[in-house]
Each structure stands twice: as structure tokens, then as C-alpha cells.
Amino acid sequence: MAINSAPTTFIPRIKVRIRIPLRAILIVPFVVQIFGAVGLTGWLSLRNGQQAVNEVTTQLRNEVTTRIQERLKNYLEAPHVIAQINQNAINLGHLNIQDTASLTQQFWGQRFLFDSVNVSAIYFGGAEGEFIGLGFQNNNRWEIGRAGKSTKGKFHSIGIDSQGNPTELLEIGNDYDPRIRPWYKSAVEAKKPTWSDIYADFKELRLKITLVQPIYQDNNQLIGVVGVDFVLSHIREFLQNLKIGKSGQTFIMERSGFLVASSTSQKPFSLKEQEVTRIKAENVDNALISNTANYLREYFGEFSKINQSQQLEFKLNGDRQFLQVVPFSDGENLDWLIVVVVPEEDFMDKINVNTRTTIKLCLIALFIATIVGILTSRWISYPVMLLSAASREIARGKLNQKIEVKIVNELEVLAESFNLMAQQLQDSFINLEKTNAELEQRVEERTAALRQSEEKFALAFQASPDVITITNVADGRLIEVNESFIQTTGYSRQEVIGKTALELNLWGNIEERIRIFTILETQGKIHNQEIKFRLKSGQIRIGLLSGEVICLDGQACLLLIVKDITERKQAEAALRAEQEKSERLLMNILPEPIAFRLKQDTSAIADYFEESTILFSDIVGFTPIAASIPPIELVNLLNQIFSKFDYLAELYGLEKIKTIGDAYMVAGGLPVPKKNHAEAIANMALDMQQEIIKFTTDIGKQFQIRIGINSGPVVAGVIGRKKFIYDLWGDAVNVASRMESSGEAGKIQVTTATYELLKDKYIFEKRGIIAVKGRGRMVTYWLLGKK
């Protein structure tokens, strides 16, 4: 039988071998790593430097703008206070505007309330063209300014003595009519407290603004205007003292672009032919300021579009400039922009130098590392080549190879292995016997080590600061205790060995013992379980218990370790008590819901309440009494009165807002809405009248209280960053204040809004139509009592 088979085709296997020298393997990766490290180091150095500059400039700009805002608020706060004081004094009849001596004495006394930097002049301009004022001049002295009929329309500058009395006539100036001055016109136009536009001083070459307060009679007829001046040069002096990098600048400008002040020595105005001309920020001689102002106008289109703080960057002559602009306002007529600009170059000089130095050092390191790598590769590759040749000879059966390598320890060991390989084959039986002997020796060493370990355990057992016990699992009796157990519990070793924990009454809580042993039975060990244990003296201590079942001398034993944490627990309890005390203090300062929200988020809180009722009260005749008694006694009197009012506010579920002098403000319906807010306020107002009568009887001094109430929507919340206070804003608050100021002693005046809420349950007497400042004519009622 013949078998035919197809021919078999053989495809040869081709292996491509790429041979790389050992020297190249050692050198190339080493050099590549060094080169990568050098490049990465240089790049990270420059990048980290730029990030550091960005963070530093951001922090610097925020810090500078914050300082400027705080200083401006400080400057502008004093005129508000003085203008309000003078308005109240004129309205209440405490200050006679016809008596120039009285006005001068009033202004002279007020100059001590604030630094002359904040207030440079206080004055009153009458509707008939009379002017009387007190101003701090550039010669660092106060002078009386007088104009009107008595001076035939001329401005007289009069000296003043240390008691506030006029002395000699210092100067007769030009014609002066306050009614045509910018500050007077601003007040008449606004019909409320406002800042005037920036204008040039009548007497001296300087720019200033005035906080003006129009004064009206009850029939809304204008009496005159109270003014308080602030000189803008003080802002420039403050800005010049700020340190903003090496060459950074800051300036303040109006929305119109006119400069208010800057950190340069240039004044914000120029004088041409005795006429003061203000300068725009874009036209300042300082290139950094002028270019910054131009950039802002190009970026926003109009300065009026800058409504929030902005941090920007722009290039000037190829260099990056860091810029921050922050709006600042105080009322409708004072709307400024604070600008801080810092060149990046102020911070990058040293960073660039350090970066270049770092790159140079890295390149030097790269060169040195490359040379060292080449030498090292030669040093290592030569003995490896010798070992490779010897290996080929051994593979051919020539075991009598001997190589001497004394360069690298590892290669020397490898060479010795090659030299001993043939001899090891012949001496294998001898080596086996030696190995057995070594094993027996190791067994003896392990036995000795075990004994040493037991000795160390005993030493650690006795030296441990924690309480340790070893108990027989079978009968629960103590086998051993350490020294800490004896010192902590007060027992001696003879008293506890052979006894159970129950017999010694060591467990502070039997239920804990049951729980612990349940865990041990199920899991075999336990870790950091809190327990109570009892000392020999009966004192209960707190500890953390850990333990497990071990084998000791062939029997099952329970090893328990207790860490005494009594002092730590006491410290934690004391800490919790202090935290609760701080919590109560916070709740006493702010309403509980508001305090809880502030603890979660310290940003501003502003809530709108559709329905609320606000009460303002003022103690009539308190000012003369305050002037006749020491300040400490005055505060004690107010504390007694307001403490009774606080009790009433808490009784009726109302929110005390604040006290200002002898005025007391409380609101209902917030921060938690309250349906009967108007009734609660009415009840408190009636009770306040009774409390004042009782208080008068107790201390022997005659007091009466004037109360005003209004109802309506308000916004309530907490604003600012420090010294939080819960306050209200809105027209309803202003009207409630007017109800108090236009009321009568011993009476409660309410608006129509409050009357409509209460007319079915309370007794009212219609007062009629009265003139209310800022609101015109209103119908009001007297609250007499409950029906």
C-alpha cells in the first residue's frame, strides 16, 4: 500500500537581535533623567515664582483697599454724628440759632469729640443769609467765621480763646452768602442729610466736602442748614503713607473721573488765574495712575459700570500690572472708586535672578553628572565583561575558572560564587552535614531567644503604666497583676491573687462586665472599650479596656489592660462646659436663629419681613438729669430702666434691637414671623409706661417716656465683619422713629397702619394730621389702653 503525502513547507524563523552596549544602558537613562530634572526644576521655579507673586499681590491689594475703606469710613463718620447732634438740638429747642454765642459754644464743645483730621469746620447757614461757624485753619488754630447783617455781608474771621469765647477780629474777607454756596444748595435740593459735591474752600486753597443737614420747622419751612466740613487733603496724606510694593500707587476718584486723592505728591486740582480747576485721574502726571485710569475707562466703558470689587491685570510698556478697583459710597451723593495698582516687576526682580541662578546651577550639575556617569559606566562594565567571559567557560564545562574582582562589593561576591561553584559540587555531602549542625544550633538559639522574650514580657508587664491583669479563664481568679494595678487600686498583691474581680468588687458597673465578656466570648478579644472600675477606697475611675485570650503554661488565660482616662474625661467635661458658656453668651448677643446661621456662614445676613411692628422710645427730661449726675450713676440708672424693658420684650416674645443713649428700640414679627406682632408691641408699650411710673417712685426722680409705633415691611439682618449687631432697615423703621420724635411726653403715638391692626382690641384717640419730617402730613393716633 502506497501512501501519498503532500510536501511540507518549512518557514525559517528569523530573530532580530538588537544589542545595546552596557555602557550606553548605564549612561543614557542617567543623563536623560538629569536633563529632565534640570528642565523641570527651572520651569517649576519660574512658575512657582509667578504664582507666589500673584498670591502676594492679591493679598497686598486686598489689604490696602481694606485699609483705605476703613480709614474713609472713619473720616466720614464724625460729620454724620455732629450734624445729627446739632439737628436734634435745634429741633428740641436746646440750641437757639439766633444766639450766635450759643452756637459758637456748641461748636467749640463739639470740636473735642473728634480729631481735627475728621472734622475741619462746623457751621450753620440760615435761610435769611446769616452764617456762623467754627473752622480749623491751615495755621493749626480754630477761628470763628461770621457773615450776615452784622458784618454787612462780609466774611469776618474772629479769634477764639480757650473757653470758646470770641476775641479779636482777625480778618475781613469778601462778600459771603451761605445760600449760594455749593453745600447749602446740596442740602436744599436733597431735603435730607447728604454730602455736597467736592468744592474749593471759600477762604483757603484746598478741596473739601460737606455733610449737610437741612433744618425744617413743623410746617416744613426751611430754617437753615447745618454743615460739617471734611478736607480731602487728609486722604492724600494717608495714601502717601501707604507702602505698596516698591512703586505701586493708589488713588481715589469720582465716577466722573475727577481725582479725589492719590498717593503721589500732586494735588487733585490746579490753580489758573485764581480759579481752582480739578484734575481727572487720566491726566495725573504719574504715568502708572494715568494709564490705570485710561485702562479702566476702556475696559468698562464708563466708570459708573463698576458695581463691585474687581481684580484685573493689564500691560504697561510690556510689563504686567496688577490692579484692584473697589466702589466706595456713603449715601447717594458720595460715590467713589478706590484703585490700587502694583507693577509685577516690583516682585519679580529677585525671583528672575534666583531662577537664572537655579538654571545655571542645574546645567553645571548636568555636566558634572554626565562626566561622572561615563566614568562610572566604565568602572562597572569592565568587571561585568570579565564575569561574562567566565560564565561562558563554565557553561562549556571548565569549572576551574578563577576571577578576581575588587572594585564593587556585589561583583566581588559574584566572582567568588563563580570560583566556588565547582568545589561546591564535590563538597555537597560535607555541606549537608554542616547544614544539619547549623540547624541544631539554630534550634538552641531560638529556644534561648524564647526564654529571653518571656523575660522581656515579664519586664514590660511590670513596667507598663497601664493596669494589667491575667485571669484564669476556667475559674475567673487572678493569676498575676502588675505594679500599676497595685499603685492604682490600692490593693496589695497578696489581697488579689487567687480572688475574682467580683469578690474584690473591681467592676464599677455589672452591666458593663456582662457586655465585655459577651464580646470576648464571640470575638476572642476586645479593644478600647470604656468602662468604670472601683478602687479599694471605693472611688470610681474611668478607663479604656483592651484584652484577649492567651495561652500561658498550657492553660487559657485572659489578659486585660486598662488605661486610666479619668483626668482626660474630666478635662473634656470642663471643655464642654466652657463651650456651653460661650454658646449662651452668643445667644444673649444675637437672636438664636441669627446666631445659628452666623456660626454656619459669617457672610452678611439680610432677610425681608412683609409684616412687622417697630417701637421706638425715648426718656423725656433725661438730658438735664444726665448732666447733673456722674457717668457711672447715669449708666446704672439706664441699666435699671432697660433691664425692666428687656424683661417685657422677653415676656411678649419680642426682639430687642438696640439702645442708643436713652432711646430703646424693639420689634415684633422677626427674626421669626409672629402673627400677633402688633398686639405684643402694644402690650409692651402700655407696660413700659407703668414701669416708668414705678421707676420714678422708686428713685425719686421724675421721668416720662415718649413712645412711637409703626407697622410695615422691613429688612433685618447682620452686616459687617466685626462686632455683629442685629439691626433693621426700611421706611417702616424711619416712620416709627418719627412717631417717637414727634410724639408727646407720657404718650404712645401710632401710625394708621398700626391703628388698623389694633383698633378692634385697643382704645385709641385720634390725634389728627401732623407734619412728619421727611414724610409730610400724616394721620396719627394715641394708644390709650386695651378694650
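Quick caveat: nothing in here was measured; it's all calculated off a predicted structure. Residue numbers run consecutively from 1 along every chain, following the written order of its sequence. Confidence filtering applies because this is a predicted model: local features only for residues at pLDDT of at least 70, side-chain atom pairs given and counted only at 80 or more, and all residues used for totals across whole chains, interfaces and linings. Working from all heavy atoms in the structure, the side-chain values ignore hydrogens and water.

Comments concerning the overall build of the protein
Step number 1: In terms of regular secondary structure, the protein is built from 18 helices and 31 strands.
Step number 2: In the protein, which comprises 787 residues, the share counted as buried stands at 40%.
Step number 3: Summed over its atoms, the accessible surface of the protein is roughly 45,400 Å², and 53% of this surface lies on carbon and sulfur atoms. Segments assigned H or I by DSSP are reported as helices when at least four residues long, segments assigned E as strands when at least two residues long, and all are numbered from the N terminus. Throughout this description, buried means an accessible area under 20% of the type-specific maximum (1.4 Å probe, protein chains only), exposed means over 50%, and partly exposed covers the range between. With residues, only the protein chains shown are counted as cover, and all accessible areas are computed by Shrake-Rupley using a 1.4 Å probe.

Thoughts on the sheet that holds strand S26 (residues 704-711)
Step number 1: Pairing is mixed across the open sheet formed by 7 strands, whose spatial order is S24-S25-S23-S26-S29-S31-S30. Because the sheet does not close on itself, it has two edges, and the strands there are strand S24 (655-660) and strand S30 (762-772). Ignoring strand direction, the axes of neighbouring strands in this sheet form an average angle of 25°.
Step number 2: Should DSSP find at least two bridges between two strands, the strands are regarded as paired. Alignment of S26 against strand S29 (residues 748-751), held across 3 bridges, turns out to be parallel. Bridge pairing in S29 links Ile 707 to Ile 748.
Step number 3: Between two residues, a contact is recorded if the distance between any of their heavy atoms is within 4.5 Å. Convention adopted: a line fitted to C-alpha atoms gives each axis, helices being fitted over their contacting stretch, and angles between N-to-C directions are expressed from 0 to 180 degrees. Contacts from helix H15 (residues 631-651) reach strand S23 (613-620), S24, strand S25 (663-668) and S26, with the element oriented near 5° to S25.
Step number 4: Sheet strands touched by helix H17 (residues 731-741): S23, S25, S26, S29, S30 and strand S31 (776-786). Its angle to S26, the strand with the most contacts, is close to 150°.

Side note on the packing of aromatic side chains
Step number 1: The pairing test for Phe, Tyr and Trp rings, Trp by its six-membered ring, is centres within 6.5 Å, and the orientation test on the planes gives stacked under 30 degrees, edge-to-face over 60, and tilted for anything in between. The final tally for this structure, using the stated rule, is 18 aromatic pairs.
Step number 2: With a centroid separation of 5.3 Å and 45° between ring planes, the pair formed by Tyr 123 and Phe 131 is classed as tilted. A single burial state applies to Tyr 123 and to Phe 131, both of which are buried.
Step number 3: Grouping aromatic residues by their ring pairs yields a cluster made of Tyr 123, Phe 131, Phe 155, Tyr 176, Trp 183 and Tyr 184.
Step number 4: Between Lys 280 and the ring centre of Phe 258, over which it is positioned, the NZ or CZ distance is 5.4 Å.
Step number 5: One residue, Arg 513, lies across the ring of Phe 517, its end atom 4.8 Å from the ring centre. Both a distance and an angle decide whether a charge sits over a ring: NZ of Lys or CZ of Arg must be within 6 Å of the ring centre and within 35 degrees of the ring normal.

A word on the nonpolar core
Step number 1: Ranked by size, the top nonpolar core spans 52 residues in total, and within it Ile 68, Ile 235 and Trp 336 carry the most contacts.
Step number 2: The element best represented in this core is helix H1 (residues 22-91), accounting for 11 residues.
Step number 3: Setting aside residues up to four positions removed in sequence, Ile 68 forms contacts with Phe 238, Leu 239, Leu 242, Thr 250, Ile 252, Ile 338 and Val 340.
Step number 4: To qualify as a nonpolar core, a set must consist of buried Ala, Val, Leu, Ile, Met, Phe, Trp, Tyr and Cys residues joined through side-chain atoms within 4.5 Å. Counting residues in hydrophobic clusters, the runner-up holds 37 residues, among them Leu 638, Ala 680, Ile 705 and Tyr 762.

Considering empty space enclosed by the protein
Over the atoms, a rolled probe matching the size of one water molecule traces out where space is still vacant.
Step number 1: Points on a 1 Å grid, built from protein atoms alone, make a cavity when a 1.4 Å probe fits but cannot get out and make a pocket when they are open with protein on both sides within 12 Å along at least 5 of 7 lines; residues with an atom within 4 Å of a point are the lining residues. Grid points are joined across faces, edges and corners, and a volume is the space filled by probe spheres set on the points. Across all of its chains, the model carries 2 cavities of 30 Å³ or more by this definition.
Step number 2: Computed from the structure, the largest cavity encloses a volume of approximately 280 Å³.
Step number 3: Along the walls of the largest cavity sit 24 residues, with Ala 121, Phe 131, Phe 155, Asp 201 and Lys 208 positioned nearest its centre.
Step number 4: Elements that contribute at least two residues to the lining of the largest cavity include exactly strand S1 (121-126), strand S2 (131-136), strand S3 (142-147) and strand S4 (154-160).
Step number 5: Broken down by element, the residue count for the lining of the largest cavity peaks at 4 residues, all from S2.
Step number 6: Within the lining of the largest cavity, the residues separate by chemical class into 11 nonpolar, 6 polar and 7 charged.
Step number 7: Taken together, Trp 195, Ser 196, Ile 198, Ile 209, Glu 254, Asn 333, Leu 334 and Trp 336 form the lining of the second largest cavity.
Step number 8: Throughout, the ten residues Ala, Val, Leu, Ile, Met, Phe, Trp, Tyr, Cys and Pro are labelled nonpolar, Asp, Glu, Lys and Arg are labelled charged, and all others, Gly among them, are labelled polar. Of the residues in the lining of the second largest cavity, the class split is 5 nonpolar, 2 polar and 1 charged.

A word on the pattern of salt bridges
For side chains bearing opposite charge, pairing can occur when the charged atoms are close.
Step number 1: Only one rule defines a salt bridge in this text: a Lys or Arg side-chain nitrogen within 4 Å of an Asp or Glu carboxyl oxygen. Evaluation of the coordinates by the stated rule reveals 28 salt bridges.
Step number 2: Across the salt bridge formed by Glu 143 and Arg 141, the nearest N and O atoms sit 3.1 Å from each other.
Step number 3: Taking relative accessible area as the criterion, Glu 143 reaches 6% and is therefore assigned buried.
Step number 4: With relative accessibility at 41%, the residue Arg 141 sits in the partly exposed group.
Step number 5: Ionic pairing is found between Lys 656 and Asp 646, a salt bridge with its closest N-O pair at 3.3 Å.

Here's the deal with the side chain of Gln 213
Step number 1: Within the secondary structure layout, Gln 213 lies in strand S8 (residues 207-216).
Step number 2: Exposure remark for Gln 213: the relative accessible area of 3% places this residue in the buried category.
Step number 3: Polar contact criterion, stated in full: a pair of N or O atoms within 3.5 Å, where within protein one must be able to donate a hydrogen and the other to accept it, and residues adjacent in sequence count only if both atoms are side-chain atoms. Engagement of the side chain of Gln 213 in a polar contact is seen with the side chain of Gln 87, the distance being 3.2 Å.
Step number 4: Excluding residues within four positions of it along the chain, Gln 213 makes contact with Ala 83, Gln 84, Gln 87, Pro 193, Gly 224, Val 225, Val 226 and Lys 773.

Focus on the sheet that holds strand S20 (residues 540-552)
Step number 1: Read from one edge to the other, the open sheet built from 5 strands follows the order S18-S17-S21-S20-S19, with strand pairing classed as antiparallel. In this open sheet, the two edge strands, each paired with only one partner strand, are strand S18 (478-481) and strand S19 (525-534). Going across the sheet, the axis of each strand differs from the next one's by a mean of 30°, ignoring polarity.
Step number 2: Examined bridge by bridge, S20 and strand S21 (residues 555-564) share 10 bridges and lie antiparallel to one another. Directly across from Gly 543, in S21, lies its bridge partner Asp 564.
Step number 3: Each of S19, S20 and S21 is contacted by helix H11 (residues 510-523), which is oriented at about 165° to S19, the strand it contacts most.

Examining the pairing of S1
Step number 1: Burial runs high along S1: 6 of the 6 residues are buried.
Step number 2: Both faces of S1 are covered, namely the face carrying Ala 121, Tyr 123 and Gly 125 and the face carrying Ile 122, Phe 124 and Gly 126.
Step number 3: The pairing of S1 with strand S9 (residues 222-231) spans 6 bridges and is antiparallel. In the strand pairing of S9, Gly 125 is matched with Val 225.
Step number 4: Note: S1 against S2, 5 bridges, orientation antiparallel. Counted as the bridge partner of Ala 121 is Gly 135 from S2.
Step number 5: The turn linking S1 back onto S2 is made up of 4 residues, and Gly 129 within it adopts a positive phi angle of 95°.

With respect to the environment of Tyr 199
Step number 1: Tracing the backbone through its elements, the reader meets Tyr 199 in strand S7 (residues 199-200).
Step number 2: Once the C-alpha coordinates of Tyr 199 and Thr 277 are considered, the two residues, 78 residues apart in sequence, prove to be 9.9 Å apart.
Step number 3: Within the structure, the side chain of Tyr 199 is placed 2.6 Å from the side chain of Thr 210, a separation counted as a polar contact.

A few points about the confidence of the model for the protein
Step number 1: Of all residues in the protein, 79% have pLDDT values of 70 or greater, and the mean over the chain is 81.
Step number 2: Values of pLDDT, the confidence the predictor places in each residue, fall between 0 and 100. Contacts for the low-pLDDT stretch residues 1-16, under 50 throughout, to residues beyond four places or in other chains number 0 contacts.

Thoughts on the side chain of Asp 662
Step number 1: Relative to the elements of secondary structure, Asp 662 occurs in the loop between S24 and S25.
Step number 2: When charges are counted, Lys and Arg contribute as positive and Asp and Glu as negative, whereas His and the chain ends are disregarded. Buried charged residue Asp 662 carries no salt bridge. Nearest counter-charge: Arg 706, at 7.2 Å.
Step number 3: Residues contacting Asp 662, with those up to four places away along its chain left out, are Ser 617, Asp 618, Ile 619, Phe 622, Leu 638 and Phe 642.

A word on a nonpolar patch on the surface
Step number 1: Every patch collects residues that have over 30% relative accessible area and no salt bridge, joining them within 9 Å if they carry like charges and within 5 Å if they are nonpolar side chains (Val, Leu, Ile, Met, Phe, Trp, Tyr). Together, Leu 361, Ile 364, Phe 367, Ile 368, Ile 371, Val 372 and Leu 375 make up an exposed nonpolar region whose accessible area comes to about 690 Å².
Step number 2: Among the structural elements, Ile 364 can be located in helix H6 (residues 345-395).

Observations regarding H15
Step number 1: Along its 21 residues, H15 runs 30 Å from first to last C-alpha, staying within 8% of the 30 Å computed at 1.5 Å per residue.
Step number 2: Listed in full, the buried residues belonging to H15 are Leu 634, Leu 637, Leu 638, Ile 641, Phe 642, Phe 645, Leu 648 and Ala 649. All buried residues of H15 fall inside an arc of 120° around its axis, so they share one side. When the buried face of H15 is taken as reference, the exposed residues oriented beyond 90 degrees from it are Ile 632, Val 635, Tyr 647 and Glu 650. One fewer than the residue count of a helix, multiplied by 1.5 Å, yields its expected span. The reported arc concerns the directions from the helix axis to the C-beta atoms and nothing else.

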